[in-house]
Amino acid sequence: MAEEPKSPYDPNLKPAAAPATATPRRIRLRRLPVSCVAVLVVIAGNIALYLRRDVRGDDDDDRAAALAFFGFSHLNLVSLFLAIAHFEDSPPGSPARGRARLAVWLLTTTLAAAFTWKIGALLPLGFAVAAWIVAVATVLGGFYMLFLHGDK
């Protein structure tokens, strides 16, 4: 004879075992490669030297814009290195890995756009257009590799 399904309110019903949860992985900052740390130190040194030197030909607006660019680039690189570390530490297929993948792509996109904007102002029109084409191709290639090609 088939047994009737038990009601969830049955006092004799034993609770199901809780599913095993994966312990969250923390980003290990001490495992950052020496090259990443070296890049960050060099950029921080460049910012410090820029602030220290006396630029007589620049007005305050140019100095503020250059300092903002240096600061943005430095914070973007630090965030990018942390996002890459988080991406590598996340288990494959997890939502955290997807968020880290998106963060890596967005940070590299903004960094490529900022550098292309900065050098585009210094180049003749033809070379500036070529620089923007290369930047867009890089961003689209990164999108394809990170999101469409996936973990294949």
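Residues numbered from 1 in each chain as written. Predicted model: local features only at pLDDT ≥ 70, side-chain atom pairs only at ≥ 80, totals over all residues. Heavy atoms only, no water.

## Some points on the nonpolar core
Then step 1. Of all hydrophobic cores here, the largest spans 11 residues; its members are Cys36, Leu40, Ile43, Ile47, Leu77, Leu80, Phe81, Ala83, Val104, Leu107 and Leu111.
Then step 2. For this core, the elements supplying multiple residues, two or more each, are helix H1 (34–52), helix H2 (60–89) and helix H3 (95–120).
Then step 3. Leave out the neighbours within four places in its chain, and leucine 40 touches His74, Leu77, Val78 and Phe81. (Core = buried A, V, L, I, M, F, W, Y, C linked by side-chain atoms within 4.5 Å. Buried < 20%, exposed > 50% of the residue type's maximum accessible area, 1.4 Å probe, protein only. Helix = DSSP H or I, 4+ residues; strand = E, 2+ residues; numbered from the N terminus. Contact = heavy atoms within 4.5 Å.)

## What to know about the UniProt feature "transmembrane region" (unreviewed entry) in the protein chain
Then step 1. Here the UniProt feature "transmembrane region" (unreviewed entry) sits at residues 32–52, 64–87, 99–119 and 125–147.
Then step 2. Segment residues 64–87 splits into 100% helix and 0% strand. End C-alpha atoms: 34 Å apart.
Then step 3. Counting secondary structure, residues 125–147 comes out at 100% helix and 0% strand; the distance between its end C-alpha atoms is 33 Å. (UniProt positions renumbered as here; feature names shortened; annotations may be inferred.)

## Brief notes about H1
Then step 1. Taking 1.5 Å of rise per residue, the 19 residues of H1 would be expected to cover 27 Å, and the 27 Å separating its terminal C-alpha atoms lies within 8% of that figure.
Then step 2. When we look at burial in H1, the residues that qualify are Cys36, Leu40, Ile43, Ile47 and Tyr50. In an axial view of H1, the angular spread of the buried residues amounts to 85 degrees, which keeps them on one side of the axis. Of the exposed residues in H1, those oriented more than 90 degrees away from the buried face are Val34, Val41, Val42, Leu49 and Arg52. (Expected span 1.5 Å × (residues − 1). Arc of directions from axis to C-beta.)

## A few points about the packing of aromatic side chains
Then step 1. Counted according to the given criterion, the structure contains five aromatic pairs.
Then step 2. Ring geometry for tryptophan 105 and phenylalanine 147: centres 6.1 Å apart, planes at 85 degrees, overall edge-to-face. Taken together, the residues tryptophan 105 in helix H3 and phenylalanine 147 in helix H4 (residues 125–148) connect sequence positions 42 residues apart.
Then step 3. Members of the aromatic cluster, joined through ring pairs, are Phe69, Phe70 and Phe115.
Then step 4. A cation over an aromatic ring shows up here: arginine 97 above the ring of phenylalanine 87, its NZ or CZ 4.2 Å from the ring centre.
Then step 5. Over the ring of phenylalanine 69 we find lysine 118, and its NZ or CZ is 5.1 Å from the ring centre. (Phe/Tyr/Trp six-rings, centres within 6.5 Å; stacked < 30°, edge-to-face > 60°. Lys NZ or Arg CZ within 6 Å of the ring centre and 35° of its normal.)

## Here's the deal with a nonpolar patch on the surface
Then step 1. Side chains of Trp117, Trp132, Val136 and Leu140 sit close together on the surface and give an oily, nonpolar patch of about 460 Å² of accessible area.
Then step 2. Top element by residues in the nonpolar patch is H4. It accounts for three residues.
Then step 3. In this structure, leucine 140 sits in helix H4.
Then step 4. What makes leucine 140 exposed here is its relative accessible area of 54%. (Patch = residues over 30% accessible without salt bridge, like charges linked within 9 Å, V, L, I, M, F, W, Y side chains within 5 Å. Areas by Shrake-Rupley, 256 points an atom, 1.4 Å probe, with all protein chains shown as cover. Salt bridge = Lys/Arg side-chain N within 4 Å of Asp/Glu carboxyl O.)

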